[in-house]
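One-letter residues, chain by chain:
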Amino acid sequence: MEGTPKQPKNCSSLLEELVEQARQAPRGGQVADYIPALAEVDPDHVGIAVVELDGTVHTAGDAHVPFSIQSISKIFGLAMAMSRTDDTLWERVRMEPSGQAFNSVVQLEWEHGIPRNPFINAGAIVIADVLTSRYSASKTAFLQYVRYLAGKESISADHRVWESEKQHGNRNAALAYLMKSFGNIESDVPAVLDHYFFQCAVSMSCVDLAKSLAFLANKGVQPGSEERICDARSAHRINALLSTSGMYDQSGEFAFTVGLPAKSGVGGGIVAVVPDYGVICAWSPPLNRFGNPARAVSMITDFAQRLGLSVYH
């Protein structure tokens, strides 16, 4: 990214304006009712947080309210797996956009159990298998990792959501067993699914998420602690995958209009990485037809465009 993002005179005022606009806008869809525990979430929640690399935090709306991070957890899982394995990982999961639904069984069958990328469900289940195989207590390790990155020991998984995921996760189980039949899952499938559903059920706020992923905006080094979370090449690769595949089948449109690596989750959250600047996280539970939170997309789009944040300048 060339140059420095334009700094608004009062970033918090801009965020308040974006939240107010979002609250007045149509919901743009429905909450994720196929997971009963998520169907109970208040659809009128709206929040946004911006965390800069120097530690400055700007917030508006419900930025401190925890929510189910769902597929945003795939970023953490991928970073952990990349630190515990080598480039043979990319023989088990590719790095291409899928062009199909994020939980497509048909594509996985066509492609012999090799998922297109780590941000669709099948790919994230392969990553969960890597973690289950390489950590004696993978769920505990995952939670400790996230707590450390966010600097917040109280972060935990919502057990109601976790149980709800397990009870209604038949399609994910189908993906896992199909990959097992192709030899692409090493651990026992129930253990892999248990880890996957657990990480999706972790609850974090916009502020928590923005803080925890700041290392991706800083070439792999976590601001504040200055600890290297991953090498610069791994940070580059994760951001590249977020740019091409992080927003499901809306990834191309998001790259075209916003131009930032980003990941959404069906809990209503989106994180967007701004290299050399910081991380934006927005939350609004109702989802559009792509499975992305419409009002959160709108807030991040407006913020990025006003400040000229696109990485493609």
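Residues numbered from 1 in each chain as written. Predicted model: local features only at pLDDT ≥ 70, side-chain atom pairs only at ≥ 80, totals over all residues. Heavy atoms only, no water.

## A short note on the pairing of strand β10 (residues 278-283)
A large share of β10 lies buried, amounting to six of its six residues. Both faces of β10 are covered, namely the face carrying G278, I280 and A282 and the face carrying V279, C281 and W283. Direction of pairing for strand β1 (residues 47-52) relative to β10: antiparallel, over a ladder of six bridges. The residue of β10 that forms the bridge with E52 is G278. (Buried < 20%, exposed > 50% of the residue type's maximum accessible area, 1.4 Å probe, protein only. Helix = DSSP H or I, 4+ residues; strand = E, 2+ residues; numbered from the N terminus. Pairing = 2+ DSSP bridges.)

## Things to note about helix α10 (residues 189-200)
In this model, α10 (twelve residues) spans 17 Å end to end at C-alpha, consistent with the 16 Å of a helix rising 1.5 Å per residue. Among the twelve residues that make up α10, ten are buried, leaving the element largely enclosed by the rest of the structure. Turning to α10, its buried residues number three or more, namely V189, V192, L193, D194, H195, Y196, F197, F198, Q199 and C200. (Expected span 1.5 Å × (residues − 1).)

## So, the side chain of N292
Structurally, the position occupied by N292 is in the loop between β10 and α14 (294-307). Classification of N292 as buried rests on a relative accessible area of 0%. A polar atom in the side chain of N292 sits 2.9 Å from the side chain of Q250. If sequence neighbours within four positions are ignored, N292 has contacts with M247, Y248, Q250, S264, P286, L287 and V297. (Polar contact = N/O pair within 3.5 Å; in protein donor to acceptor, adjacent residues only side chain to side chain. Contact = heavy atoms within 4.5 Å.)

## Structural notes on the sheet that holds β1
Overall, antiparallel pairing links the five strands, which are arranged β2-β1-β10-β9-β8 in an open sheet. The sheet is open, and its two borders are formed by β2 (57-61) and β8 (262-264), each paired with just one other strand. Going from strand to strand, the sheet's axes swing by 10° on average, the running direction of each strand aside. Sheet analysis places β8 next to strand β9 (residues 269-274), joined by three bridges and oriented antiparallel. Bridge pairing links S264 to I270 in β9. Each of β1, β9 and β10 touches α14; the most contacted strand, β10, lies at about 145° to it. (Axes fitted to C-alpha atoms, helices over the stretch in contact; angles between N-to-C directions.)

## Quick notes on helix α1 (residues 11-24)
For α1, which comprises 14 residues, the first-to-last C-alpha distance of 20 Å matches the rise-based estimate of 20 Å (1.5 Å per residue) to within 8%. The set of residues buried in α1 consists of C11, L14, L15, L18, V19 and A22. In a view along the axis of α1, the buried residues occupy a sector of 135°, so they form one face of it. Tucked into the core, α1 has its buried residues touching β1, β2 and α14. (Arc of directions from axis to C-beta.)

## Topic: the environment of L287
For L287, the location among the structural elements is in the loop between β10 and α14. Separated by 257 residues in sequence, L287 and Q30 place their C-alpha atoms 5.3 Å apart. With near-sequence residues (within four places) excluded, L287 lies in contact with G28, G29, Q30, V31, A32, G265, V266, G268, N292 and P293.

## Focus: the pairing of β1
Among the six residues of β1, six are classified as buried, and the element is accordingly described as predominantly covered. Across the two faces of β1 the burial is the same, with G47, A49 and V51 and I48, V50 and E52 all buried. Sheet topology places β1 next to β2; five bridges connect them, and they run antiparallel. Across the sheet, residue V50 finds its bridge partner in β2, namely H58.

## A short note on the domain arrangement of the chain
When the parts come together, some accessible area is lost, and that loss is often what is quoted as the size of the interface. Its domain assignment divides the chain into domain 1 (11-69 + 204-307) and domain 2 (71-202). Computed over C-alpha atoms only, the centres of domain 1 and domain 2 are separated by 20 Å. Of the residues lining the interface, 38 residues belong to domain 1; the matching set on domain 2 comes to 38 residues. Buried surface at the junction of domain 1 and domain 2, summed over both partners, amounts to about 3,100 Å²; 66% is from carbon and sulfur atoms. The shortest N-O distance in the salt bridge between D208 and K152 comes to 3.3 Å. Counting across the interface, domain 1 meets domain 2 through twelve residue pairs in polar contact (both at pLDDT 80 or more). No other element matches helix α12 (residues 232-245), which puts eight residues into the side of domain 1 that touches domain 2. Along the lines of polarity and charge, the residues of the side of domain 1 that touches domain 2 split into 19 nonpolar, eleven polar and eight charged. (Domains from an automatic or database assignment. Buried area = accessible area lost by both parts, 1.4 Å probe. Salt bridge = Lys/Arg side-chain N within 4 Å of Asp/Glu carboxyl O. Nonpolar A, V, L, I, M, F, W, Y, C, P; charged D, E, K, R; others polar.)

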